[in-house]
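Understanding the architecture of this molecule
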Amino acid sequence: MVGRTPAPGKCFGSPPEVLMGEHVAGTMSIEGGGGGERDRRSAVVLAGGRSTRFGDEDKLLADLVGEPLIRRTVERVAPVVGTVVVNCRADQQAALETALGGVDATLRFAVDPEPDAGPMAGIRTGLRATPSRFAVVVAGDMPFVAPGLVRHLFARVTGHDAAVPQVEEWYQ
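Attention in this report is confined to the structure presented alongside it. (Residues numbered from 1 in each chain as written. Predicted model: local features only at pLDDT ≥ 70, side-chain atom pairs only at ≥ 80, totals over all residues. Heavy atoms only, no water.)

Some thoughts on the pattern of salt bridges
Here is the rule we go by: Only one rule defines a salt bridge in this text: a Lys or Arg side-chain nitrogen within 4 Å of an Asp or Glu carboxyl oxygen. The classification of residues rests on relative accessible area computed with a 1.4 Å probe and restricted to protein chains. Under 20% of the type maximum is buried, over 50% is exposed, and intermediate values are partly exposed.
Summed over all chains, the structure comprises 6 salt bridges. Residue Glu67 is joined to Arg71 by a salt bridge in which the shortest nitrogen-to-oxygen separation is 3.9 Å. When its relative accessible area of 22% is taken as the criterion, Glu67 is described as partly exposed. Overall, Arg71 belongs to the buried group, its relative accessible area being 13%. Note that Glu67 and Arg72 form a salt bridge whose closest N and O atoms lie 3.8 Å from each other. The class for Arg72 is partly exposed, based on a relative accessible area of 25%. Through salt bridges with shared partners, a single network forms among Glu67, Arg71, Arg72 and Glu75.

Thoughts on the pairing of strand β3 (residues 41-46)
Defined as follows: To qualify as a helix, a DSSP run of H or I must reach at least 4 residues; to qualify as a strand, a run of E must reach at least 2; elements of each kind are numbered from the N terminus. Two strands pair if DSSP finds at least two bridges between them.
Burial within β3 is extensive, with 6 of its 6 residues counted as buried. Neither face of β3 is open: one carries Arg41, Ala43 and Val45, the other Ser42, Val44 and Leu46, and all of them are buried. Across 6 bridges, β3 lies against strand β8 (residues 134-139) in parallel orientation. Within β8, the residue paired with Ser42 across the bridge is Ala135. Bridge count for β3 against strand β6 (residues 83-88) is 5 bridges, and the pairing is parallel. Following the sheet pairing, Ser42 is matched in β6 by Thr83.

Side note on helix α3 (residues 119-128)
Here is the rule we go by: Throughout, a contact is declared for two residues whenever any of their heavy atoms are within 4.5 Å.
In terms of burial, α3 is largely enclosed, as 7 of its 10 residues are buried. Within α3 the residues assigned to the buried category are Ala121, Gly122, Ile123, Thr125, Gly126, Leu127 and Arg128. Tucked inside the fold, the buried residues of α3 contact β3, β6, β7 (106-111) and β8.

A look at the nonpolar core
Here is the rule we go by: Put simply, buried Ala, Val, Leu, Ile, Met, Phe, Trp, Tyr and Cys residues joined by side-chain atoms within 4.5 Å make one nonpolar core.
The biggest cluster of nonpolar side chains holds 30 residues, and the ones touching the most others in it are Ile70, Val74, Val77, Val84 and Leu100. If you list the elements that add at least two residues to this core, you get β3, α1 (69-77), β6, α2 (93-99), β7, β8 and α4 (147-156). Broken down by element, this core gets its largest block of residues, 4 residues, from α1. Ignoring sequence-local partners within four residues, the contact set of Val77 consists of Ala43, Val45, Val84, Val138, Val145 and Val150. Ranked by size, the runner-up nonpolar core spans 9 residues in total, among them Val44, Ala129, Ala135 and Val137.

The structure is reproduced here in structure tokens:
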């Protein structure tokens, strides 16, 4: 999904008790990449899950053809956006920073203020940390997300609040 990042105090379809603030505590930036059209776009990569079905290890740090899974996902979306925001728990941040070291992208880490509140809370935390008007949201375990699809969604969102892919009758 690509959508407009909410203005402070607004959240898409959320009841008033879930209103968003201006910024997220625990946001950290690592500068790199960026430029031009990309600066008007961000990506939120959700990485705050517990990977309980994966055993004791963090699934996003697992090796996939010589690189951590999260790194492959970030490297797929980074060429399309100016900033990649990685949403995670505080206890994951150091390991994720290490896994993403040297990636050609401007990275921010948006730490969940209340961990384990689910993916919608991670999306909210990640969107709060985006510097741009529009953002694509992907799971950290999507190492094969197509950059062309992300570009297409950004192109389709023009004049709308969001662009959500639909396969047959199912919105993705």
